[in-house]
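The chain contents come next:
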Amino acid sequence: MSVITGEVQVLDAIGLHARPASQIVKLVKDSGLEVLIGKPGEEGAKANSALRLLALKVSTGETLVVQVPTDDQALATNMISEIQEILKGE
């Protein structure tokens, strides 16, 4: 199985906080995939835990790398797009 990687930008004025973190966790758990999210050049955190995501301490404007372990390009692209939508904020 390959890993499809994409980048998302945190646009929420508060950065990555509890609400978007829990939305990402729900999305990932529903998919059944072991998605990793992290800062470029750093080890990614498993996106099935809000605490792990919050521990990344991501601020507004930062870019994150999303790694989706699947051979299904459409599934991975959709997952990355949905995570970007969550990180847009309100």
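Above: the structure in question.
Residues numbered from 1 in each chain as written. Predicted model: local features only at pLDDT ≥ 70, side-chain atom pairs only at ≥ 80, totals over all residues. Heavy atoms only, no water.

### Points about helix H3 (residues 73–86)
Over its 14 residues, H3 extends 20 Å from the first C-alpha to the last, a length consistent with the 20 Å expected when each residue adds 1.5 Å. Those residues of H3 lying buried are Ala 76, Met 79, Ile 80, Ile 83, Gln 84 and Ile 86. Burial along H3 is one-sided: seen end-on, the buried residues are contained in an arc of 160°. Contacts from the buried residues of H3 go to strand S1 (3–9), helix H1 (18–31), strand S2 (36–38) and strand S4 (63–69). Measuring from the side-chain oxygen of the N-cap residue of H3 to the backbone nitrogen of Ala 74 gives 3.1 Å; that N-cap residue is Asp 72. (Helix = DSSP H or I, 4+ residues; strand = E, 2+ residues; numbered from the N terminus. Expected span 1.5 Å × (residues − 1). Buried < 20%, exposed > 50% of the residue type's maximum accessible area, 1.4 Å probe, protein only. Arc of directions from axis to C-beta. Contact = heavy atoms within 4.5 Å. Polar contact = N/O pair within 3.5 Å; in protein donor to acceptor, adjacent residues only side chain to side chain.)

### Structural notes on the side chain of Asp 12
With respect to the helices and strands, Asp 12 occurs in the loop between S1 and H1. For Asp 12, which is buried and forms no salt bridge, the nearest opposite charge comes from Arg 19, at a distance of 5.6 Å. Within the structure, Asp 12 has its side chain in polar contact with the side chain of His 17 (distance 3.2 Å). Sequence-distant contacts of Asp 12, defined by excluding residues within four places in its chain, comprise His 17, Thr 60, Leu 87, Lys 88, Gly 89 and Glu 90. (Lys, Arg positive; Asp, Glu negative; His and termini not counted. Salt bridge = Lys/Arg side-chain N within 4 Å of Asp/Glu carboxyl O.)

### Re the packing of H1 against H3
Running from N to C, H1 and H3 point in directions that differ by 160°, and their axes come no closer than 9 Å. What the angle tells us is that H1 and H3 run roughly antiparallel. When you trace H1 past H3, the crossing you get is right-handed. Contacts between H1 and H3 involve Pro 20, Gln 23, Ile 24, Leu 27, Val 28 and Ser 31 from the first element and Met 79, Glu 82, Ile 83 and Ile 86 from the second. (Axes fitted to C-alpha atoms, helices over the stretch in contact; angles between N-to-C directions. Parallel < 35°, antiparallel > 145°, perpendicular 65-115°, else oblique. Left-handed = near helix turned anticlockwise from the far one by under 90°.)

### A word on the nonpolar core
Counting 26 residues, the largest nonpolar core has Ile 24, Val 35, Ile 37, Leu 53 and Ile 83 as its most contacted members. Counting only elements with at least two residues in this core, the list comes to S1, H1, S4 and H3. (Core = buried A, V, L, I, M, F, W, Y, C linked by side-chain atoms within 4.5 Å.)

### Some words on the pattern of salt bridges
Side chains bearing opposite charge may pair, as long as their charged atoms lie close to each other. For the structure shown, the criterion picks out 4 salt bridges. Of the charged contacts in the structure, one is a salt bridge between Asp 30 and Lys 26, with a shortest N-O distance of 2.8 Å. Taken together, the positions of Asp 30 and Lys 26, both in helix H1 and 4 residues apart, correspond to about one turn of that helix. Each of the two residues, Asp 30 as well as Lys 26, counts as exposed. Salt-bridge contacts for Glu 34 lead to Lys 46; the nearest nitrogen and oxygen are separated by 3.8 Å. Placement of Glu 34 in the loop between H1 and S2 and of Lys 46 in strand S3 (residues 45–46) is noted, with a sequence separation of 12 residues between them.

### Quick notes on the pairing of S1
Burial along S1 is one-sided: Ile 4, Gly 6 and Val 8 are buried, while Val 3, Thr 5, Glu 7 and Gln 9, pointing the other way, are not. Relative to S4, S1 is paired through 7 bridges, and the arrangement is antiparallel. If you follow Val 3 over to S4, its bridge partner there is Pro 69. (Pairing = 2+ DSSP bridges.)

Just distances and angles here, no functional claims.
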